[in-house]
Amino acid sequence: MFRSKEQANYAALIEKAITRPGSPLLAGAAAGLGKTHGFSIPLLQSGKRVAIAFSTRALIAQYLGSAALQAAMQTAPQSSVAELLSRREFVSTRDYQAHRRRVLQAQVLLITHAAALIDARSPAYADLRSRDVLLFDEADLLADAAQLRSTFQISPHVLKECDAPDGQTTDPVSLRAVAELVKRKAAEPEDRAAAAAMLYALDTPRWYKRVGWSEQGELVLVHAMPGRMLGPLLADAKRVIFTSGTLQVNGSFDHFVRALGIKQIDPASRHIDPAQHGSLDIFVADSALTRHAQAQRIAQAPRPALVLTTSHVATKELAQLLPDAVARGEHEPLAQALARCGQGGVLIAAGAWSGLDEPRLRWATVAIPDVPYGVPTQVSGQAVSHYIDSVVCAVRRTNQGLHRGLRSPDAHCKLLLLDARFHRRELKAAIPSRFLAPDGALPSVNEGAAQQVTQRERHVRAAALKLYGYQCMWPGCEVTQAHRLEAHHEVAIALGERHTRLADVKIYCANHHRDAHQAMRLAGS
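So, here's what we can say about the structure. (Residues numbered from 1 in each chain as written. Predicted model: local features only at pLDDT ≥ 70, side-chain atom pairs only at ≥ 80, totals over all residues. Heavy atoms only, no water.)

### A look at the overall build of the protein
We count it as follows: Only DSSP runs of H or I covering at least 4 residues are called helices, and only runs of E covering at least 2 are called strands; the numbering of each starts at the N terminus. For every residue, the accessible area (1.4 Å probe, protein chains only) is compared with the maximum for its type, and the residue is labelled buried under 20%, exposed over 50%, or partly exposed between those bounds. Should any heavy atoms of two residues lie within 4.5 Å, those residues are considered in contact. Note on areas: these come from Shrake-Rupley sampling with a 1.4 Å probe, and a residue is covered only by the protein chains present in the view.
Looking only at helices and strands, one finds 18 helices and 22 strands in the protein. Among the 525 residues that make up the protein, the fraction classed as buried is 53%. Across the protein, every contact between residues at least 6 apart in sequence was considered, and the portion connecting residues at least 24 apart equals 73%. For the protein, the exposed area adds up to about 23700 Å²; of that, 51% sits on carbon and sulfur atoms.

### Thoughts on the sheet that holds strand β1 (residues 25-29)
So the rule is basically this: Criterion used throughout: strands pair if DSSP finds at least two bridges between them. Angles shown run from 0 to 180 degrees and are taken between the N-to-C directions of axes, each axis being a line fitted to C-alpha atoms and, for helices, limited to the stretch in contact.
Strands sit in the order β3-β4-β2-β5-β9-β1-β10 across an open sheet of seven strands; the sheet is parallel. At either end of the open sheet lies a strand with only one pairing partner, and these are β3 (81-83) and β10 (270-272). For this sheet, the mean angle separating the axes of adjacent strands, direction not counted, is 20°. As defined by bridge partners, strand β2 (residues 50-54) adjoins strand β5 (residues 133-136) across four bridges and the pair is classed as parallel.

### Notes on the nonpolar core
In plain terms, the rule: For our purposes a nonpolar core is just a set of buried Ala, Val, Leu, Ile, Met, Phe, Trp, Tyr and Cys residues, chained together by side-chain atoms within 4.5 Å.
Residues L128, F136, F152, I154, L219, L230 and F242 are the most contacted members of the largest nonpolar core, which totals 60 residues. For this core, the element with the most residues is helix α9 (residues 189-203), which contributes seven residues.

### Topic: the pattern of salt bridges
Note the following rule: By salt bridge we mean one thing: a side-chain nitrogen of Lys or Arg within 4 Å of a carboxyl oxygen of Asp or Glu.
One pass over the structure, following the stated rule, counts 18 salt bridges. One salt bridge in this structure joins R129 and D119, with 3.2 Å as the shortest N-O distance. Remark: D119 occurs in helix α6 (residues 113-121) and R129 occurs in the loop between α6 and β5; sequence separation between them is ten residues. Each member of the pair R129 and D119 is classed as buried. The residue E180 makes a salt bridge to R176 at a minimum N-O spacing of 2.7 Å. Here E180 pairs with R176, and both are found in helix α8 (residues 172-185), just four residues apart, close to one helical turn. Given a relative accessible area of 33%, E180 falls into the partly exposed group. Assessed through its relative accessible area of 24%, R176 is described here as partly exposed.

Next comes the structure, spelled out in structure tokens:
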């Protein structure tokens with residue numbers, strides 16, 4: 001049922017949380033573990049009424065067609081799964097209400113994060129408090145305090161329809177008057193809920209929330225701690241589970257807990273890494289690279305290659321230097337850009353850190369030209385972000401990005417970090433611990449001639465022992481003593497300058513290490 005011990009442990013963690021009450025559970029699961037499969041089976045098998053919140057509708061669509069859901073449905077064929085759509089998807093309110101009544105009867109309700117935020121203030125919207133379990137997938141996106149995205153916004157078009165006065169005044173009285181107009185006159189329930197949240201924020205002013213105007217002329221409520229907006233829902237929900245690959249930063253849940261304002265978490269909360277999943281060759285620029293030098297590195301890298309940029313400007317700059325690459329347009333859906341990229345191609349895309357599961361493409365290279373620090377958000381002309389949040393954003397995005405190339409157990413990916421700032425100690429947390437040697441060094445080692453390799457051999461051995469464990473890998477051998485175990489290179493060091501991958505290293509006892517070399521000599525002759 002589960003493909004690895006770690007995936008089974010993750011599923012058991014979810015199953016236990018379903019069966020007992022408690023504080024919110026934080027279930028971290030590194031990319032490659034298969035968390036979607038791991039939470040779907042226990043949720044459906046439980047027979048309980050559950051809701052799963054995804055960050056976007058595109059991810060809901062992906063989930064509805066996923067092998068993980070199909071496998072879970074086979075174990076619980078009586079289950080029903082339905083997606084709650086917004087009012088904007090329907091011609092008439094009558095059709096929307098009929099849809100809503102139907103899908104709320106489903107055992108498993110699929111919603112977006114935005115819908116959960118709406119329901120926190122308008123409980124009748126999705127009736128989440130009646131659900132036995134509420135699971136947030138990609139939950140780290142709820143805590144995007146680095147970018148401080150607008151949790152709620154009311155577009156200029158809606159403002160005009162509601163006869164809101166012209167001019168972006170920033171005093172609380174004027175902002176309240178605009179929000180009251182929208183709450184009273186807006187046709188869409190989402191807009192009315194946004195206005196209600198803004199009125200509540202204006203009535204209960206706090207340092208971590210601000211109502212004002214975006215650069216696009218939207219009336220926005222920006223929340224540095226969106227968990228405070230989820231607070232009423234979290235307080236009333238029967239069981240809440242947060243899951244993601246990057247809930248932890250530097251081995252701690254502290255940033256996530258602080259950003260969501262969670263008072264207490266389930267003591268069972270933990271992060272689970274696959275013991276072995278894919279291999280990674282890492283290149284980090286030692287000095288500042290020009291766009292031209294970055295493009296040269298990308299052009300020489302294995303394909304298909306995914307280039308993750310921090311802006312559409314950077315995408316255009318690299319696309320001019322890589323004319324054969326597919327560049328995602330500024331308003332182009334990611335799925336369309338993916339469809340244009342061939343097996344031997346290069347895709348350059350901004351804002352594509354997560355949600356890139358495309359079975360047709362298995363990225364041989366992932367390149368990140370610039371450290372993806374969070375960009376300060378402007379509300380009524382004032383920046384409201386902090387450096388620490390920007391660093392956390394960079395760590396999370398880098399971690400998500402490199403895992404785009406590690407989507408299967410046998411995947412091998414070349415990671416190009418083309419910004420010398422990636423050497424900063426604060427960013428090392430982006431690299432999963434299983435790819436680091438015990439001393440914190442990267443396990444991919446540039447090796448030259450044999451006499452040069454001996455100086456670094458202990459780092460390769462240490463990384464291999466951490467990955468494979470302290471036991472000879474020769475079939476039937478039971479040697480486990482550390483002093484008797486050696487690192488065997490399946491591609492001989494004597495072949496000269498090359499790049500060692502952990503996938504090319506095995507752990508053997510001294511006797512079987514000699515046997516392995518004898519087998520290589522016989523094969524060569």
